[in-house]
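# Structural description and commentary
One letter stands for each residue in the lines below.
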Amino acid sequence: MNKRTFNIKKIFYWPLLAVLLLPLTLSAAEEKSPAIAETWVVEIDSKDLAAFEKAFKEHVKYRESKSDPREWQIYTPHTGTNMNRYFIRSCCFKWPDMDAYMKWTQDSKASEHWNKGAGKYVKDYEHHYSWVDHENGNWPNDGKPFKFVGVRTFKVKHGENAGDAVKAVSKVAKDMGWKERWGWTYSMSGPATVNLVFPFENFSDMVPPSPSFGEAAAKHLGSKDKVEELFGNFDGSFKGSTYTIYNYRGDLSSKMKK
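Heads up: these notes are all about the structure in this document. (Residues numbered from 1 in each chain as written. Predicted model: local features only at pLDDT ≥ 70, side-chain atom pairs only at ≥ 80, totals over all residues. Heavy atoms only, no water.)

The next subject is the overall build of the protein. Helix and strand counts for the protein stand at 7 helices and 8 strands. Out of the 258 residues in the protein, the part that is buried amounts to 49%. As displayed, the protein has an accessible area near 13,400 Å², and 53% of this comes from carbon and sulfur atoms. (Helix = DSSP H or I, 4+ residues; strand = E, 2+ residues; numbered from the N terminus. Buried < 20%, exposed > 50% of the residue type's maximum accessible area, 1.4 Å probe, protein only. Areas by Shrake-Rupley, 256 points an atom, 1.4 Å probe, with all protein chains shown as cover.)

See below:
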């Protein structure tokens, strides 16, 4: 079975699961004050990768010396195209927190340090905000390490309430005690997308669980027809998906605070 096909039934054969929310189509995100993640994507020429990483580590030390109130986690693509990209992500905060953080950035001269060092090697930037749906995920803060994350990105159909689809599938997972880790994020800029994120400790951790999510859900709901209906409703909210595996770069990331 190809686990990268779009059908949600096949996707959940992977372990259930850390980027972009249109308020009218993803209304579940409006129910609570959002937990927001900020992501910068930088692209580097192949010839500059080593120099960039050296300068980046120096920049992380600089930010830590200035008591950066945020932790920044770094990811690089393991699959896909444009492999010379770095995803620099911080989570989680609310919009009012941005004012204080912008002041810290200015007072610490962090941007100046970046531009004089690691920023010299950047050929292209992207900047995104995403909403993190803690309520419908299962990502315990247990300190369990992971080396990779798998991200399934769903493209939302115009006018669809993807939040209801996410809630329905997640409720079944939680009600039946599905023990795998998963998380959901919604776009807040760019195309309307939903991400389903899976953490992996290693490649062996990518082996699909047995019984599969579909099999466990059928047992929990009492019939395969109910599972087909659940997955059919989920699929109906989206018009396609892609799947990418990312490396978690602990050597470049901020030290995690206890």
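The end-to-end C-alpha distance of helix α2 (residues 49–65), which contains 17 residues, comes to 24 Å, matching closely the 24 Å that a straight helix rising 1.5 Å per residue would cover. Within the span of α2, buried status applies to Phe52, Glu53, Ala55, Phe56, His59, Val60, Tyr62 and Arg63. Residues of α2 that are buried in the fold lie against β1 (35–44), β2 (73–77), β3 (85–93), α3 (97–108), α4 (110–116) and β4 (122–138). Two residues or fewer past α2, Ser67 is found with a positive phi of approximately 60°. (Expected span 1.5 Å × (residues − 1). Contact = heavy atoms within 4.5 Å.)

With that settled, consider the state of the cysteines. Taken as a whole and assessed by the stated rule, the structure comprises 1 disulfide. The side chain of Cys91 participates in a disulfide bridge whose partner is Cys92; the two sulfur atoms lie 1.7 Å from each other. Between Cys91 and Cys92, the disulfide has an S-S torsion of 50° and is therefore right-handed. Taking relative accessible area as the criterion, Cys91 reaches 34% and is therefore assigned partly exposed. (Disulfide = S-S within 2.5 Å.)

The final tally for this structure, using the stated rule, is 9 salt bridges. Here Lys123 ties to Asp45 by a salt bridge, and the two come within 3.2 Å at their closest N and O atoms. Taken together, the residues span a long stretch of sequence, with Lys123 in strand β4 and Asp45 in the loop between β1 and α2 at a distance of 78 residues. The exposure class of Lys123 is partly exposed, given its relative accessible area of 49%. The shortest N-O distance in the salt bridge between Arg249 and Asp251 comes to 2.8 Å. Taking the relative accessible area as the measure of exposure, Arg249 reaches 16% and is therefore buried. (Salt bridge = Lys/Arg side-chain N within 4 Å of Asp/Glu carboxyl O.)

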